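Here are the chains, one letter per residue:
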Amino acid sequence: VGVARADLKTAVKHLDQAKRTLSNRRDEVSERLVALYQEGDLQALEVLLQSTSFSDFSNRMYLVNEVVSHDAEILDDLEAARTRADAHREAVEDRKETLEALQSQEEYTRAVTLDVRQDTQQEKDQVLRARRNWERALAELEADSNAIASMLRRLQHRSPGRGGTVVTPWKGGL
């Protein structure tokens, strides 16, 4: 996600630069259109026909070519700037979509992780309850076993002549 944010930031910087360039090219076209409006649109043929000599014609031809080339260059630059701005705008949108997808994936992963943690905690609590129950049962069995052992020791310490008979299941009755 951090890399995607950095990519988006870089793409936005490129887009801002492309927008500034496009704005500059639009200003150049606007200036040229204002000049055409203020000076009037001279037709190249009209300029050439007003020449007074071959040298004047040659100079005018050169200047007309320069103006036309400059106008074409301004329009080409404007179109190139527009194309770059559009490409950077698309790149920014792609980066935004990628970032949103990564953020959604991260949120999903967090939710799944939280669910797993909760399930794990529940299982841990269940195991601990079962362990406490088993320990309690074991303690009861040990207490019963100790009571039985104590009873057996008392019975063994009684003298056989005093009326006590010990019955042991492994030896049978006496």
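Described below are features of the structure shown in this document.

Rules and cut-offs
Residues numbered from 1 in each chain as written. Predicted model: local features only at pLDDT ≥ 70, side-chain atom pairs only at ≥ 80, totals over all residues. Heavy atoms only, no water. Helix = DSSP H or I, 4+ residues; strand = E, 2+ residues; numbered from the N terminus. Buried < 20%, exposed > 50% of the residue type's maximum accessible area, 1.4 Å probe, protein only. Contact = heavy atoms within 4.5 Å. Areas by Shrake-Rupley, 256 points an atom, 1.4 Å probe, with all protein chains shown as cover. Core = buried A, V, L, I, M, F, W, Y, C linked by side-chain atoms within 4.5 Å.

1. A few points about the overall build of the protein
- A count of helices and strands for the protein gives three helices and zero strands.
- Starting at the N terminus, the α and β elements of the protein follow one another as α-α-α.
- Counting across all 174 residues of the protein, residues that qualify as buried make up 12%.
- Looking at the protein alone, contacts between residues at least 24 apart form 75% of all its contacts between residues at least 6 apart.
- Counting every atom, the protein has about 14300 Å² of accessible surface; 55% of that belongs to carbon and sulfur.

2. Quick notes on the nonpolar core
- Core analysis: the biggest nonpolar cluster contains seven residues, these being Ala18, Leu22, Val29, Ile74, Leu78, Ala81 and Ala85.
- Counting residues per element, the ones that place at least two in this core are α1 (2–39) and α3 (54–157).
- The dominant element in this core, judged by the number of residues it contributes, is α3, at four residues.
- Apart from residues no more than four positions distant in its own chain, Val29 is found in contact with Ile74, Leu75 and Leu78.
- Counting six residues, the second largest nonpolar core, distinct from the first, contains Ala4, Leu15, Val92 and Leu99.

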